[in-house]
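# Structure assessment
The chain contents come next:
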Amino acid sequence: MENKCLDDLATEAGIASEYINAYGKPQAIPAEIRHRILEAMDTNIPVERPVSHLEASFLPNVKVVIQGQIVTLPLKEGHHYQWQIHTEQGEVFHGHCQHQLPLPSDLPLGYHTLSLVPKVEPENHSQYSMQLIVAPERCYEPDAITRGEKLWGACVQLYTLRSETNWGIGDFGDLKYMLQELAQRGGAFIGLNPLHAIYPAMPENASPYSPSSRHWLNIIYIAVDQVEDFNDSAEAQAWWHSTETQSKLQQARQTEWVDYTTVITLKMAALRLAYPQFTLRLDDDPQQIAFQQFVNKGGENLYFQAVYDALHHKLYGESHIYWGWPVWPEEYREPESDAVKAFCHSHPQEIAFFLWLQWLADTQLAECFTTSQTNHMPIGIYRDLAVGVAQGGSETWCNRSIYCTKASVGAPPDILGPRGQNWGLPPMNPHVLQAQAYQPFIELLRSNMRHCGALRIDHVMSLLRLWWIPQGETADKGVYVHYPVDDLLAILALESQRNHCLVIGEDLGIVPEEIIDKLRDRGVYSYKVFYFERNEQGEYRSPDEYPVQAMATITTHDLPTLRGFWQNEDLTLGESIGLYPDKTLLADLYSERKRCKQALLTSLNRHGYLPEGLPKTDTPSLFQDSVSLAKTEHPMSHAINQGIHRYIARSACALLGLQPEDWLDMERPVNIPGTTEEYPNWRRKLTSTLENMFADTHINHLLQTIGECRKQG
């Protein structure tokens, strides 16, 4: 009987009892797993505020509606009510009702307050207030897209950029330079990896998809040479011009992989020397005023981000066992504890220093976006919102109630990953999210729609459901938990319109049928990767078969480069590091790759993009019958590379995002999913500096061709 009760509670909590697995079959979820997830949810629900009988009777604490739609709120029968709606804009709507409340259809967009008072005896008077969110039907779209223009841009991992001036890692100075160069060649945007705050004290924890906080920025991207106080500080300049510093900088620039420890050590040393110069500024200094405004607007969330970074820096410096707040000395695990307050009292300048770093990063990103707008780029910068945060970072430390730290999210088992994926990221509790009137979600969108014209939402299916894994279990022992998708999509559309920010949803993998139409109807752009765009016969889709409301791309940070794909580098590398212990599976993958390449050549030929001199039909001499294709037999040629770029550039998609790695004909990937120590993920740089890349005749010709194809398509 008790288990039946728990089963019912789990169902009410949105915990699925079954799902369709990677083989298209219904897969039942063991009751024990559902109960453990229910327990993980309950441990995070804060004490509820007292509610009146009226509140508990019929109305939620928040209602999300689409502007113009007829919505009626059911009320308690047998009562008359007075109601008022105070809009965000200062307007007041009011009236009387009985049994039900038809909401005014002309409510403006925004976040409003509905107050309801029953007309009963005075001693029984109670008043109820609820948040009323009025959202538009669709997300924002730039004018260029609504006019039918087909835009293109570059998708880069910012840290991979090389230049003659950076400090061994791509930075906001490089981004500004690249925006100017791309704008001159007709590019509409640069898409970036998540810029979320990571860990200054642990720079080697470099994954942008496992951040400390998604509200603030990774300070490693600060272009130190563009900080005015660094250039004005005699001490900082003496350090900068020293032989030792210049030698370290030169070495950091020349490495094949980003040396995060050296880079952050150099930047922190420079910025600590520059900070005293900033503190000399008077209160009426424009920069000092801008800094104080930034701090005031950031409020408690920003302040505790700086406290976390300062405290983490201190504790991790004492012992490397203190990787995050769950293993800190107990007195520091709560941000409001006496020990944390004492630390803040005794280290005000250290906290102010980390606040200053966040301001510098924000200011430089803002300057980059301004540069893109000055150069008339229709989108300019498009940012990336990671699906979650690391368990021991600042966001979970500051916002404990919203995160279920006794679970993590990932992906269920599939054909290539029979045990599934565990990303180690604690999920947001959908019930606490709703209880808090979606404020954490709203603030997250606002933080990430700053200084950009588009936002990519990683794993956009998370708005509908997430695969939760109980603490200590492997990913195959998980379950899907559902989220209030309609409310979240409506709020996404509202914030998108307010921030003039296009939304792109990363909808790769298994996409539930119920969310496809919802995303399209709400104006969320799909994400189409060339490698996967094949029909049931294995043929590559024609360019005109791509949907308009989408961004097309050849590859992603989790997939091989064009050369890597063509020469099986991903399979060879995966085999060498033990990703494919099943030799039969590996042989099938090599065979499938052979078919893919032949299908690709056939499609290029059919549409007139196959270069002269290559076989026009299936030819035994082109592909060997052996399982593995010899890397040297048919390498990716400049002509094939250009042909594929032209093919995807003619797609019907409104957006096209291309990787500089493919312009440079690079082979190694950025990231190999499912690995941690086996491959140096998030570290591989581009093979050329930005200066040399944009001076390259072949690359300039390629970008010109892409621009022409987009106009013709």
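Residues numbered from 1 in each chain as written. Predicted model: local features only at pLDDT ≥ 70, side-chain atom pairs only at ≥ 80, totals over all residues. Heavy atoms only, no water.

## So, the overall build of the protein chain
Rule in force here: For helices the rule is a DSSP run of H or I covering at least 4 residues; for strands it is a run of E covering at least 2, with both sets numbered from the N terminus onward. Atoms counted for the radius of gyration: C-alpha only. Globule rule: 2.2 Å times the number of residues to the power 0.38. Three labels apply to residues, based on accessible area from a 1.4 Å probe with only protein chains included: buried if under 20% of the type maximum, exposed if over 50%, partly exposed otherwise in between. Whether two residues touch is decided by their heavy atoms; if any such pair falls within 4.5 Å, the residues are in contact. Areas reported as accessible are Shrake-Rupley estimates using a 1.4 Å probe. Residue values count occlusion only from the protein chains shown.
Scanning the protein chain from terminus to terminus reveals 24 helices and 23 strands. Relative to its length of 713 residues, the protein chain is compact, with a C-alpha radius of gyration of 27 Å against a globular reference of 27 Å. Considered along the principal axes of its C-alpha atoms, the protein chain spans approximately 90 × 65 × 50 Å. Expressed as a percentage of the 713 residues in the protein chain, the buried residues total 57%. The contacts in the protein chain between residues at least 6 apart in sequence include a share of 72% that link residues at least 24 apart. About 30,400 Å² of surface is accessible on the protein chain, with carbon and sulfur atoms providing 50% of the total.

## Observations regarding helix H12 (residues 348-374)
The line we're drawing: In this analysis, the expected span of each helix is defined as 1.5 Å times one less than the number of residues it contains.
For H12, which comprises 27 residues, the first-to-last C-alpha distance of 38 Å matches the rise-based estimate of 39 Å (1.5 Å per residue) to within 8%. Counting buried positions over the 27 residues of H12 gives 19, a clear majority of the element. Trailing H12 by a residue or two, His376 shows a phi angle of about 60°, which is positive.

## Remarks on the sheet that holds strand S23 (residues 655-658)
To keep things clear, this is the line we draw: By this definition, two strands are paired if DSSP reports at least two bridges between them. Only the stretch in contact is used when fitting a helix axis, every axis being a line fitted to C-alpha atoms; angles between N-to-C directions are given from 0 to 180 degrees.
Pairing in this open sheet of eight strands is parallel, and the strands run S20-S17-S14-S11-S10-S23-S22-S21 from one edge to the other. Each edge of the sheet is formed by a strand with only one pairing partner; in this case those strands are strand S20 (502-505) and strand S21 (526-529). When the angles between neighbouring strand axes are averaged without regard to direction, this sheet yields 25°. Bridging between strand S10 (residues 151-156) and strand S11 (residues 189-192) involves four bridges; their strand directions are parallel. Of the residues in S11, the one forming a bridge with Ala154 is Ile190. Across the sheet, helix H15 (residues 439-448) touches strand S14 (380-385) and strand S17 (454-457), and the angle it forms with S14 is around 145°.

## Observations regarding the packing of helix H5 (residues 172-184) against H12
Definition in use: Throughout, the term roughly parallel applies to angles under 35 degrees, roughly antiparallel to angles over 145, roughly perpendicular to angles from 65 to 115, and oblique to all others. Under the scheme applied, nonpolar residues are Ala, Val, Leu, Ile, Met, Phe, Trp, Tyr, Cys and Pro; charged residues are Asp, Glu, Lys and Arg; polar residues are all the others, including Gly.
Close contact between H5 and H12 brings their axes to 9 Å; oriented N to C, the two are set at 5°. One way to sum up the angle between H5 and H12 is to call them roughly parallel. In this structure, H5 uses Phe172, Leu175, Lys176, Leu179 and Gln180 to contact H12, whose residues at the interface are Ala361, Gln364, Leu365, Glu367, Cys368, Thr371 and Ser372. In the contact of H5 with H12, the residues fall into six nonpolar, four polar and two charged.

## As for the pairing of strand S13 (residues 213-217)
With five of its five residues buried, S13 lies for the most part within the structure. Two elements, strand S12 (residues 196-197) and S13, share two bridges in a ladder whose sense is antiparallel. Across the sheet, residue Ala197 finds its bridge partner in S13, namely Ser213.

## A word on the environment of Tyr111
What counts here: Definition of a polar contact: a pair of N or O atoms within 3.5 Å, with one able to donate and the other able to accept a hydrogen when the atoms are protein atoms, and with sequence-neighbouring residues admitted only if both atoms are side-chain atoms.
Within the fold, Tyr111 resides in strand S8 (residues 110-118). Sequence separation between Tyr111 and Leu494 is 383 residues; the distance between their C-alpha atoms is 9.7 Å. Excluding residues within four positions of it along the chain, Tyr111 makes contact with Glu88, Gln131, Leu132, Ile133, Ile442, Arg446, Ile491, Leu494, Glu495 and Arg498. Side-chain polar atoms of Tyr111 contact the side chain of Glu495, separated by 2.6 Å.

## Section: the pattern of salt bridges
So the rule is basically this: Here a salt bridge means any side-chain nitrogen of Lys or Arg lying within 4 Å of a carboxyl oxygen belonging to Asp or Glu.
The tally for this structure, following the rule as stated, stands at 31 salt bridges. Between Arg563 and Asp665 there is a salt bridge, with the nearest N and O atoms lying 2.6 Å from each other. Here Arg563, found in helix H18 (residues 562-566), pairs with Asp665, found in the loop between helix H22 (660-663) and helix H23 (690-693); they are 102 residues apart in sequence, far enough to count as distant. With relative accessibility at 16%, the residue Arg563 sits in the buried group. Salt bridges here are not isolated pairs; linked through shared partners, they connect Glu228, Asp229, Arg281 and Asp285.

## Looking at the confidence of the model for the protein chain
What counts, and what does not: What pLDDT conveys is the predictor's confidence in a given residue, as a value from 0 to 100.
Averaged over the protein chain, the pLDDT score is 91; the fraction of residues at 70 or greater is 92%. Every residue in residues 43-57 is under pLDDT 50, and counting partners more than four places away or in other chains gives 24 contacts. Every residue in residues 617-633 is under pLDDT 50, and counting partners more than four places away or in other chains gives 29 contacts.

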